[in-house]
Amino acid sequence: MTKQLDQLIRPTAFLDYETDEVQNFIDHAVKDRSADRTANAIELYYAVRDGIFYEVYGASLSPEGLAASHTVTVKSGFCLHKSVLYAATVRALGIPSRLVYGDVRNHLASPRLLEHIGGDVFFHGLTQVYLQGKWVKATPVFNKMLCKLYGMQALEFDGLSDSLYHPFNEGGGSMEFLTDHGAFDDVPYDFILETMRRRHPKFLDATGTGTVRGGRLADESVLTR
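Residues numbered from 1 in each chain as written. Predicted model: local features only at pLDDT ≥ 70, side-chain atom pairs only at ≥ 80, totals over all residues. Heavy atoms only, no water.

**Student:** Explain the overall build of the protein to me, please; I cannot follow it from the model alone.
**Tutor:** Helix and strand counts for the protein come out as eight helices and six strands. Counting from the amino terminus, the protein carries its helices and strands in the arrangement α-α-α-β-α-β-α-β-α-β-β-α-β-α. In terms of overall size, the protein behaves like a compact globule, its C-alpha atoms giving a radius of gyration of 16 Å where 225 residues would be expected to give roughly 17 Å. Expressed along its principal axes, the backbone C-alpha trace of the protein runs to roughly 45 × 40 × 30 Å. (Helix = DSSP H or I, 4+ residues; strand = E, 2+ residues; numbered from the N terminus. Rg over C-alpha atoms; globule rule 2.2 N^0.38 Å.)

Structure representation (structure tokens):
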């Protein structure tokens, strides 16, 4: 492994995979830590996608709240939290990872959430992992149960190709990526907070370091209203 890639398997204050909380999560998600890295990356993808519930309300955006160990503890979060957790867990097994941010047109949203966001264009986070000699993008964000409530297909990952364009209908439509803000070796905290405050001010609580509270995204789906 090159020196550059070696840097991308190290823990950070955000990608804190040395904590008991993250290690326990990995133990439950992975059958064999010494197995093929691609197989482990796939197992961890589904553990993060479906084991951590996608919830946009009442989420902490403090440095502590974005740490992988916090997301594992509360077992919920949205793209910013789940991408950090996935990046941390694969690093724990020697798989280099980076964090990727962009602007997307998100179709998994309720009218209330769209009102808070200020439209259907969201600041979005996902993960990039280095497998079999190349970088692939992974988006273990929208859990299978929530996708079913919103009439969408869950996004799969095979470890070989990008898991990126989340399908939102049976006719072949998918999430649209509008802007790519690049890949980062660690959580660019100031950039995230500045972007959220500028782009989605009504989505944040009075402190500016968390999202609005009240309700659950699952309860706002067409099937539960």
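Picking up where we left off.
**Student:** Could you clarify how one ought to interpret the packing of aromatic side chains in this entry?
**Tutor:** Each aromatic ring pair is described using two quantities: the centre-to-centre distance and the angle formed by the ring planes. According to the stated counting rule, one finds eleven aromatic pairs in the structure shown. Between arginine 98 and the ring centre of tryptophan 135, over which it is positioned, the NZ or CZ distance is 3.9 Å. Sitting over the face of the ring of tyrosine 57, arginine 112 holds its NZ or CZ atom 4.1 Å from the ring centroid. (Phe/Tyr/Trp six-rings, centres within 6.5 Å; stacked < 30°, edge-to-face > 60°. Lys NZ or Arg CZ within 6 Å of the ring centre and 35° of its normal.)

**Student:** Looking at this structure, how should I read the sheet that holds strand 4 (residues 121–131)?
**Tutor:** Strands in a sheet are paired, the pairing made by backbone hydrogen bonds, and the direction either parallel or antiparallel. Taken together, the four strands give an open sheet; going across it, the order is 5-4-3-6, and neighbouring strands pair in antiparallel fashion. Both edges of this open sheet fall to strand 5 (134–138) and strand 6 (176–184), since each of them pairs with a single strand only. On average, each strand axis in the sheet is tilted by 30° relative to the strand beside it, whichever way the strands run. Relative to strand 5, strand 4 is paired through five bridges, and the arrangement is antiparallel. (Pairing = 2+ DSSP bridges. Axes fitted to C-alpha atoms, helices over the stretch in contact; angles between N-to-C directions.)

**Student:** Hey, could you run me through the packing of helix 3 (residues 37–51) against helix 5 (residues 79–92) in this one?
**Tutor:** When two helices pack together, their arrangement is given by the angle between the helix axes and by the axis-to-axis distance. Running from amino to carboxyl end, helix 3 crosses helix 5 at an angle of 150°, the nearest separation of the two axes being 10 Å. With respect to helix 5, the axis of helix 3 lies roughly antiparallel. Here helix 3 and helix 5 pass one another in a crossing that is right-handed. Contacts between helix 3 and helix 5 pair Ala41, Leu44, Tyr45, Val48 and Arg49 from the former with Lys82, Leu85, Tyr86, Thr89 and Val90 from the latter. Within the contact of helix 3 with helix 5, the residues separate by chemical class into seven nonpolar, one polar and two charged. (Parallel < 35°, antiparallel > 145°, perpendicular 65-115°, else oblique. Left-handed = near helix turned anticlockwise from the far one by under 90°. Contact = heavy atoms within 4.5 Å. Nonpolar A, V, L, I, M, F, W, Y, C, P; charged D, E, K, R; others polar.)

**Student:** Looking at this structure, I do not really get the nonpolar core. What am I missing?
**Tutor:** For soluble globular proteins, nonpolar side chains are generally found buried alongside one another. Formed by 67 residues in total, the largest nonpolar core has its most connected members in Phe78, Leu80, Tyr86, Leu113, Leu146 and Met196. Per-element accounting of this core gives the leading share, eight residues, to helix 5. Methionine 196 has contacts with Leu61, Phe78, Leu80, Phe123, Pro201, Phe203 and Leu204, leaving out every residue within four places of it along the chain. (Core = buried A, V, L, I, M, F, W, Y, C linked by side-chain atoms within 4.5 Å. Buried < 20%, exposed > 50% of the residue type's maximum accessible area, 1.4 Å probe, protein only.)

**Student:** How should the packing of helix 2 (residues 20–29) against helix 3 be read in this particular structure?
**Tutor:** Contact geometry for helix 2 and helix 3: axes closest at 9 Å, N-to-C directions at 115°. One finds that helix 2 runs roughly perpendicular with respect to helix 3. Where helix 2 crosses over helix 3, the two elements pack in a sense that is right-handed. Counting all contacts with helix 2, which are made through Phe25, Ile26 and Ala29, the residues of helix 3 involved are Glu43, Leu44, Ala47 and Val48. Tallied by class, the residues present in the contact of helix 2 with helix 3 amount to six nonpolar, no polar and one charged.

**Student:** It is not clear to me how the pattern of salt bridges should be interpreted in this structure. Could you clarify?
**Tutor:** When the charged atoms of two side chains lie near each other, side chains of opposite charge can form a pair. Enumeration according to the criterion identifies eleven salt bridges in this entry. Note that arginine 49 is salt-bridged to glutamate 156, the shortest N-O span being 3.5 Å. Within this pair, whereas arginine 49 is found in helix 3, its partner glutamate 156 is found in the loop between helix 7 (144–149) and strand 6, the two being separated by 107 residues in sequence. You can call arginine 49 buried: its relative accessible area is 3%. Overall, glutamate 156 belongs to the partly exposed group, its relative accessible area being 46%. Between aspartate 120 and arginine 105 there is a salt bridge, and its shortest N-O distance comes to 3.3 Å. On the criterion of sequence distance, the pair formed by aspartate 120 in the loop between helix 6 (111–117) and strand 4 and arginine 105 in strand 3 (residues 97–105) is long-range, its members being 15 residues apart. Classification of arginine 105 by relative accessible area gives partly exposed; the value is 24%. Members of the salt-bridge network, linked through shared partners, are Arg49, Asp50 and Glu156. (Salt bridge = Lys/Arg side-chain N within 4 Å of Asp/Glu carboxyl O.)

Read these as spatial facts, not as claims about activity.
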